[in-house]
Amino acid sequence: MFGYVIPRNDELKVRELREYRAYYCGLCSCLGSNYGFTGQLSLTYDMTFLCLLLSALYEPEISVQNIRCVAHPAHKHLSKQSVYTKYAADMNILLAYYKCMDDWKDEHKILKAGYGKLLMNKAFKIIKKYPYKAQNIKRSLQKLAAAEKRNCSSIDYTAGCFGDICAGIFVCHNDEWAGDLRRMGYFLGKFIYLMDAYEDMEEDKKKNCYNPFLATRDVCITHEEVYKILLMMMSEAGKAFERLPVVQNVGILRNIIYSGVWCRYECIKNKHFS
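Caption draft 1: Highlighting empty space enclosed by the protein. Scanning the entire structure with this criterion turns up 2 cavities of 30 Å³ or more. The computed volume of the largest cavity comes to approximately 50 Å³. Along the walls of the largest cavity sit V5, D46, M47, C166, F170, G185, L188, G189 and I192, which together make up its complete lining. Going through the elements one at a time, helix 2 (45-58), helix 6 (155-170) and helix 7 (178-199) are the ones with two or more residues in the lining of the largest cavity. Top contributing element to the lining of the largest cavity by residue count: helix 7, with 4 residues. When grouped by side-chain class, the residues that make up the lining of the largest cavity number 6 nonpolar, 2 polar and 1 charged. Estimated volume of the second largest cavity: approximately 30 Å³.

Pasting the structure below:
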């Protein structure tokens, strides 16, 4: 359910692509140094976006390093971290842990259960640090699981459960920007959930699994209608973003919000019509 919030690389300037990769590498490095290799396995583009967004909004001190890693052993590459890199890493672990436990409970996926156990001790430390955020993630996933179990026909409700998770994660300070960050996270979370559902629609239909686009009673959702729903979600997320006083890396962030998130959509749509 993650990995949809990505940049469109061919539309970024060379400097911007280098900057994005530096934050991505910074988050990967932070996960490794704080949570080991098992933590690095949870790395997502979505939390890279959050790290980049919060760092641009609050303009904290940035640590810049040239490092080598397992993925790039031959040459050093740029890595950037801020206090929000650690925050994004913590949220990354929490999401991965609760998603693994949820998948095990609902579908008895053994691999997910095993990975969840590897993350357990790491996650418990973060839960103590962010009890309200952890409770919000757990509660929202439970609501989502219950809705899916009863074959909920409301696309807005099921997507909103995941939207609530992202809304809570996007807010790291109770300040004047919290409202817009919460709203942005909420609609971006709904978009992520619905993109995942759209990607799995054919497979879910064959396996008779829950899918919000297939549970709308006797109404057949068309591909055009799916696109309109997704566009509505990103339109609201974009409106909230534009109200934030972001100057640093605004070109990269706009690339992701207005163009990058549609990369996977185009691939999924082509797959459905192939």
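Caption draft 2: Fine view of the side chain of K80. For K80, the location among the structural elements is in strand 2 (residues 77-81). Only 2.8 Å separates the side chain of K80 from the side chain of E19, close enough to count as a polar contact. Among residues more than four places away in sequence, those in contact with K80 are E19, A22, Y23, G26, I62, S63, V64 and T85.

Caption draft 3: Just unusual backbone geometry, in detail. Positive phi, close to 50°, is recorded for E59, a residue that is not glycine. Topologically, E59 is positioned in the loop between helix 2 and strand 1 (63-67). Of note in this structure, N208 is not a glycine but carries a positive phi near 60°. Mapped onto the elements, N208 comes out in the loop between helix 8 (201-207) and helix 9 (223-242). The exposure class of N208 is exposed, given its relative accessible area of 71%.

Calculation criteria
Residues numbered from 1 in each chain as written. Predicted model: local features only at pLDDT ≥ 70, side-chain atom pairs only at ≥ 80, totals over all residues. Heavy atoms only, no water. 1 Å grid on protein atoms, 1.4 Å probe; cavity = no way out; pocket = protein on both sides within 12 Å on 5 of 7 lines; lining within 4 Å. Points joined across faces, edges and corners; volume = space filled by probe spheres on them. Helix = DSSP H or I, 4+ residues; strand = E, 2+ residues; numbered from the N terminus. Nonpolar A, V, L, I, M, F, W, Y, C, P; charged D, E, K, R; others polar. Polar contact = N/O pair within 3.5 Å; in protein donor to acceptor, adjacent residues only side chain to side chain. Contact = heavy atoms within 4.5 Å. Buried < 20%, exposed > 50% of the residue type's maximum accessible area, 1.4 Å probe, protein only.

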